[in-house]
Amino acid sequence: MENSGSRSRRTATQKVSGNGKTTNLLNHKATRMPESAKKLPLEATRAGKNHQASNNVETRNLASLMGGRSPQEEKQTNGIIALQSNPSSFRLLLVWGVLFASGLGLALNVYRLQIVKAPTLLAKARQQQMVYLRPFVPRRAIVDRNGNVLATDRPAYTLFAHPKLFKQSKSAIATKLSGTLGISADALVTMFNQRDSGIRVAYSLTEEQADNIAQLRNDGLELIQNYARLYPQKDLAADVVGYVDVDHRGQAGVEYSQENLLVRAVRTVRLSRAGNGRLMPDHLPEGLLHFDDLRLQLTIDSRLQRAARSALKQQIELFRAKRGTVIVMDARDGALLALVAEPTYDPNEYFNSDVGLFKNWALADLYEPGSTFKPLNVAIALEAGAITPETTFYDGGNIQVGGWQIKNAEPGRHGRLTISEILQYSSNIGMVQIMQQMKPSVYYGWLERLGLGQTAGIDLPFEAPGQMKSSEQFTSSRIEPATTSFGQGFSLTPIHLAQMHASLANGGKLITPHLVRGLFDTQGQVFWQPNQPTPRPLFSPKTTQTVLEMMEAVVVKGTGKAAQIPGYRIGGKTGTAQKASSTGGYSSARITSFVGILPIDSPRYVVLAVVDEPKGENAYGSTVAAPVVKSVMEALISIEQIPPSVEK
């Protein structure tokens, strides 16, 4: 043991004194020592508790020889010495450290992108890769009852100018465009001077105009294709059809009220975009660019509409009237064959028209109907049992009611009159006495059943409800029932008056006026039709037939002679009413009207003409409005091929 210990000390001394040459010394000793001696340190390490004391002694001796350092410190020192003596090992560890740190950072970033920010990045990716497309689909066409097109979509073009790209002078390009656009060259040059790019020169250009501009091949001119609404009949049915604005949305007439039927259903489509930015056609939904051929068909007849407008315009010009309207209604179901208002506008150029023309005054403005309401009052009195056709009344030319004096429109007295004669002569005195046979409360109830104070329910926008006194006002004042008996003291729209007269023509039922017949395809097959309200009974057929015969007498022998048509039994009633003043009372202006029903032997059609503020001493319902109704009825007889009436 001592020898072994002394050798160990010497070996240790040599290690220290070797001063960094430990490796050579060990290698030298390894050449001299046997294999068993080389394994002594390993065997000493593996020794059990029996050798613990001797090992501790040796450890203390070694520590004292190495300057008091422990074996662990010696190992660290040897490691540092080894690394310093081998620079490649140090660089290897450094590289591995950098790679480890980089890998750790990459893993953290992957976690952040794949886990933390995954929903946000996924949404961005889809936004970049997907395109949401809402293709433009033309509005459905509007046609009359015979299939004549009243409104349709057509390709149109908008012209933009970019003066900074012009290769020629502005004046030269303006001269070339002037003839095609219908705009002066000076006006075009003024447009070009506004800014360098993005000048909208014209819109709604036809394909022919676009072709002419394209053939110029001038840089700086850009044509953008879109769709424009075309009204081939121009102002013929503008009061009914209406128009669409620059955003292709209906603003008046059927274009507005039937927007949901005219706009085809278009769904927004999500398409994939390829790497080069192009849309992938294999993702296009089937039938994306195909749409139905349905058209909105109206009850209007363009031929009758044209005849009515021509006759009305002629009388308005002749009597220098403010405006007028003509309504032709099928009394069986309320279908309107013509609805004309003058003056009107061209829906192709609505922007050049007065906005007041966009509302159809036949259903938007109120007026006092005057004597044209008298047949309805007679029907009320007959149905209520207050009078009989044989009842007579004395017309002395005037009558006092509640301190008010009432006179006839024409001065003079008519003496004793039958109910039929009261209508023939349009006697206000006789009508007051007829309605005095009823209690005011009962009379008021009948007016409510007629729908006074309400709307007619037509399928056009902006219809105004009528106006009438309250029940308390009407029943507490004797003058209110008296003035109502000859059509004053309340107001309604022309369309409402036509609806009421239709109840006389169809046997006593109150029907709903309408213009929309339904959606039909190009082959005439029905796809959809509106459900009209059930007709409401008002009068018995006996009462209506009696009143119609009285109205026929008005045309044959009374104030409606101007509406006579040889061979046809026609009933009618004239009306000449003072216009209510905005300051109260009545003005000197008048509104004239005539309502006709034909044929009396098989009543079906109601024709109403109203002319507002005609000028002249001879401006009455019989001279202004009755000739209009006659012209419209003549056209109606020809179009509907109505046979002559059977002589009574």
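None of these values were measured; they are calculated from a predicted model.

*Asks:* Summarise the sheet that holds strand β19 (residues 586-598); cite the residues concerned and give the values.
*Replies:* Spatially, five strands are ordered β9-β8-β20-β19-β18 in an open sheet, and the strand pairing comes out antiparallel. The open sheet has two edge strands, β9 (336-342) and β18 (571-580), and neither has a second partner. Averaged over all pairs of adjacent strands, the angle between their axes in this sheet comes to 10°, without regard to strand direction. The strands touched by helix α15 (residues 302-318) within the sheet are β8 (323-330), β9 and β20 (605-612), with β9 carrying the most contacts at an inclination of about 30°.

*Asks:* I'd like to hear about the packing of aromatic side chains, residue by residue, with values.
*Replies:* Here the structure, examined in full by the defined rule, presents eleven aromatic pairs. Ring centres of Tyr243 and Phe358 lie 4.7 Å apart, and the angle between their planes is 50°; this geometry places the pair in the tilted category. Residue Tyr243 is found in the loop between α12 (238-241) and α13 (253-257), and its partner Phe358 is found in the loop between β9 and α16 (361-364); the two are separated by 115 residues along the sequence. Accessibility expressed as a relative area gives 16% for Phe358, which makes it buried. Summarising the aromatic geometry, the rings of Tyr443 and Phe474 are spaced 5.6 Å apart at their centres and angled 65° between planes, so their arrangement reads as edge-to-face. In this pair, Tyr443 is assigned in helix α20 (residues 440-450) and Phe474 in helix α21 (residues 471-476), connecting sequence segments 31 residues apart.

*Asks:* Summarise the pattern of salt bridges; cite the residues concerned and give the values.
*Replies:* Per the counting criterion, the structure on display carries 21 salt bridges. Its salt-bridge partner being Arg309, residue Asp239 comes within 2.4 Å of it at the nearest N-O pair. Note that Asp239 is positioned in helix α12 and Arg309 in helix α15, a separation of 70 residues in sequence. Judged on exposure class, the residue Asp239 and its partner Arg309 are both buried. The residue Glu342 makes a salt bridge to Arg309 at a minimum N-O spacing of 2.8 Å. Here Arg309 lies in helix α15 and Glu342 lies in strand β9, a separation of 33 residues in the sequence. For the pair formed by Glu342 and Arg309, the shared burial category is buried.

*Asks:* So what's going on with the pairing of β20? Residues and values would help.
*Replies:* In terms of burial, β20 is a largely internal element, eight of the eight residues being buried. Burial of β20 is two-sided: the residues Tyr605, Val607, Ala609 and Val611 facing one way and the residues Val606, Leu608, Val610 and Asp612 facing the other way are all buried. Where β8 lies against β20, eight bridges are found, and the strand directions are antiparallel. Among the inter-strand pairings, Val328 is bridged to a residue of β20, identified as Val607. Between the antiparallel neighbours β19 and β20 lie six residues.

*Asks:* For the nonpolar core, give the residues involved together with the corresponding values.
*Replies:* Counting 87 residues, the largest nonpolar core has Leu339, Phe373, Ile380, Ile434 and Leu504 as its most contacted members. Take this core: its biggest share by element is seven residues, from helix α23 (residues 494-505). With residues near it in sequence (within four places) discarded, Phe373 still touches Leu447, Leu450, Leu452, Thr484, Gly487, Phe490, Leu492, Leu497 and Met500. By size, the runner-up hydrophobic cluster in this structure holds 36 residues, among which are Ala311, Tyr605, Ala626 and Val632.

*Asks:* Tell me about helix α25 (residues 621-640), and name the residues and values.
*Replies:* What α25 keeps buried is the set Gly621, Val624, Ala625, Ala626, Val628, Val629, Val632, Met633, Ala635, Leu636, Ile637 and Ile639. Those residues of α25 that are buried are in contact with α15, β8, β9, β18, β19 and β20. Of the residues one or two after α25, Gln641 is the one with positive phi, at around 50°.

*Asks:* Break down unusual backbone geometry for me, citing the residues and quoting the values.
*Replies:* Omega for the bond connecting Glu342 with Pro343 falls within 30 degrees of zero, at -5°, which places this linkage in the cis form. With respect to the helices and strands, the residue Pro343 is situated in the loop between β9 and α16. Residues other than glycine seldom take positive phi values, yet His248 does so here, at roughly 65°. Relative to the elements of secondary structure, His248 occurs in the loop between α12 and α13. On the accessibility criterion, His248 (15% relative accessible area) is buried.

Reading the values: rules and limits
Residues numbered from 1 in each chain as written. Predicted model: local features only at pLDDT ≥ 70, side-chain atom pairs only at ≥ 80, totals over all residues. Heavy atoms only, no water. Pairing = 2+ DSSP bridges. Helix = DSSP H or I, 4+ residues; strand = E, 2+ residues; numbered from the N terminus. Axes fitted to C-alpha atoms, helices over the stretch in contact; angles between N-to-C directions. Contact = heavy atoms within 4.5 Å. Phe/Tyr/Trp six-rings, centres within 6.5 Å; stacked < 30°, edge-to-face > 60°. Buried < 20%, exposed > 50% of the residue type's maximum accessible area, 1.4 Å probe, protein only. Salt bridge = Lys/Arg side-chain N within 4 Å of Asp/Glu carboxyl O. Core = buried A, V, L, I, M, F, W, Y, C linked by side-chain atoms within 4.5 Å.

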